[in-house]
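Observations on the three-dimensional arrangement
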Amino acid sequence: MTTPIITSLAPLLDRLFLEADAASGTTQAAFADLSDADRARMMRSKTDYAELYGRLKDAPLAVSRETGMLLYMLTRSSRAKAIVEFGTSFGLSTLHLAAGLRDNGGGRLITSEFEPSKAARARENLSAGGLIDLVEIREGDALKTLRTDLPETIDLVLLDGAKALYPEILDLVEGHLRPGAIVVADNADFSPDYLARVRRSGSGYMSTAFADDVELSVRIN
């Protein structure tokens, strides 16, 4: 029996998760001069996200271990071949998605990262995991980088960048989603417009909160 690639990635993933845990102070320091109200406003702003993520350029902003494994399992169970990710950061979520693609026999993962230094770190981590050949990292504002050259059919989408832009990113990929395609939105509570859209009756999605910080949606038509 062939050993799943996710198993061989365990040492790399453990190291990256430990590094992310150790860097929690970096995230806190990035907001040290902001009130809670100002931080919440920036998280929900469709215009201040460049400043926000500039402050966080050295923070891993990693998914949880549980969300990472969920992404791998969803990729495998859906037999995904084409995935789009919004928000690469250092590539922890990307590694789980790409591992699923490898264990599915291959595919294409397009991911977008605002900060060039983070894109470089993600490339290093994906290369270390032997998965870089499956992944195209697009640097810059995802509203531009994900506007063109998407797969004709998309099986799975991960939204984990600027939360206020979740509806706009969904607009870019929605026409490519096959029936049954999965959309995972991390920290979706920071995007009430997105939640209202995918939960609305007649939206074309079935959607539910999954765990504390994930909205799981399925395209039904």
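Thresholds applied
- Residues numbered from 1 in each chain as written.
- Predicted model: local features only at pLDDT ≥ 70, side-chain atom pairs only at ≥ 80, totals over all residues.
- Heavy atoms only, no water.
- Buried < 20%, exposed > 50% of the residue type's maximum accessible area, 1.4 Å probe, protein only.
- Helix = DSSP H or I, 4+ residues; strand = E, 2+ residues; numbered from the N terminus.
- Pairing = 2+ DSSP bridges.
- Polar contact = N/O pair within 3.5 Å; in protein donor to acceptor, adjacent residues only side chain to side chain.
- Contact = heavy atoms within 4.5 Å.
- Patch = residues over 30% accessible without salt bridge, like charges linked within 9 Å, V, L, I, M, F, W, Y side chains within 5 Å.
- Areas by Shrake-Rupley, 256 points an atom, 1.4 Å probe, with all protein chains shown as cover.
- Salt bridge = Lys/Arg side-chain N within 4 Å of Asp/Glu carboxyl O.
- Axes fitted to C-alpha atoms, helices over the stretch in contact; angles between N-to-C directions.
- 1 Å grid on protein atoms, 1.4 Å probe; cavity = no way out; pocket = protein on both sides within 12 Å on 5 of 7 lines; lining within 4 Å.
- Points joined across faces, edges and corners; volume = space filled by probe spheres on them.
- Nonpolar A, V, L, I, M, F, W, Y, C, P; charged D, E, K, R; others polar.
- Phe/Tyr/Trp six-rings, centres within 6.5 Å; stacked < 30°, edge-to-face > 60°.

Observations regarding the pairing of strand 1 (residues 82–86)
Counting buried residues along strand 1, five of its five residues qualify, which places the element largely inside the surrounding structure. Residue alternation in strand 1 divides its side chains into two sets, Ala82, Val84 and Phe86 and Ile83 and Glu85, and both sets are buried. The sheet contact formed by strand 1 and strand 2 (residues 108–113) spans five bridges and is parallel. What sits directly across from Ala82, in strand 2, is Arg108.

Considerations on the side chain of Ser203
With respect to the element layout, Ser203 can be found in the loop between helix 11 (192–199) and strand 6 (205–210). Engagement of the side chain of Ser203 in a polar contact is seen with the backbone oxygen of Arg200, the distance being 3.0 Å. A polar contact of 3.2 Å, which involves the side chain of Ser203, links it to the backbone nitrogen of Tyr205. Every residue in contact with Ser203, bar those within four places of it in the chain, is listed here: Arg197, Val198 and Arg219.

Considering a nonpolar patch on the surface
A surface patch of nonpolar side chains, about 270 Å² in accessible area, is lined by Met206, Val218 and Ile220. Inspection of the secondary structure assignment puts Val218 in strand 7 (residues 214–219).

Some thoughts on the pattern of salt bridges
A full pass over the atoms with the stated rule returns 15 salt bridges. Between Arg65 and Asp14 there is a salt bridge; the shortest N-O distance is 3.1 Å. Of the two residues, Arg65 sits in helix 6 (residues 65–77) while Asp14 sits in helix 2 (residues 10–22), which places them 51 residues apart along the sequence. Since its relative accessible area comes to 37%, Arg65 is described here as partly exposed. A salt bridge links Arg108 to Asp149; the nearest nitrogen and oxygen atoms lie 3.5 Å apart. Of this pair, Arg108 sits in strand 2 while Asp149 sits in the loop between helix 9 (142–145) and strand 4 (154–159), and the two are 41 residues apart along the sequence. What makes Arg108 partly exposed here is its relative accessible area of 29%. Sharing partners across several salt bridges, the network here consists of Arg108, Glu136, Arg138 and Asp149.

Let's talk about the sheet that holds strand 5 (residues 177–186)
Across the sheet, which stays open at both edges, the seven strands sit in the order 3-2-1-4-5-7-6 with mixed pairing between neighbours. Two strands in the sheet have a free side with no partner beyond their single neighbour: strand 3 (135–139) and strand 6. Adjacent strand axes in the sheet meet at a mean angle of 15 degrees, parallel and antiparallel pairs treated alike. Of the strands in this sheet, strand 2 and strand 3 touch helix 8 (residues 116–128), which is tilted by about 170 degrees from strand 3. Running at roughly 160 degrees to strand 5, helix 10 (residues 166–174) makes contact with strand 1, strand 4, strand 5, strand 6 and strand 7 of the sheet.

Focus on the layout of surface pockets
Estimated volume of the largest pocket: approximately 830 Å³. Lining the largest pocket are 41 residues; nearest its centre among them are Leu61, Ala62, Asp160, Lys163 and Asn187. Those elements giving two or more residues to the lining of the largest pocket turn out to be helix 2, helix 3 (24–30), helix 4 (36–44), helix 5 (49–55), helix 7 (92–103) and strand 2. At three residues, helix 2 tops the list of elements feeding residues into the lining of the largest pocket. Residue composition of the lining of the largest pocket, by class: 19 nonpolar, eleven polar and eleven charged.

So, the packing of aromatic side chains
One pass over the full model with this rule turns up two aromatic pairs. Plain terms: the ring middles of Phe86 and Tyr166 are 6.3 Å apart, the flat faces sit at 75 degrees to each other, and that makes the pair edge-to-face. Here Tyr166 lies in helix 10 and Phe86 lies in strand 1, a separation of 80 residues in the sequence. Relative accessible area serves as the criterion here: at 0%, Tyr166 is assigned to the buried category. Ring geometry for Tyr166 and Tyr194: centres 5.7 Å apart, planes at 80 degrees, overall edge-to-face. Taken as a pair, Tyr166 in helix 10 and Tyr194 in helix 11 lie far apart in primary sequence, 28 residues in all. By the burial criterion, Tyr166 is buried, and Tyr194 matches it.

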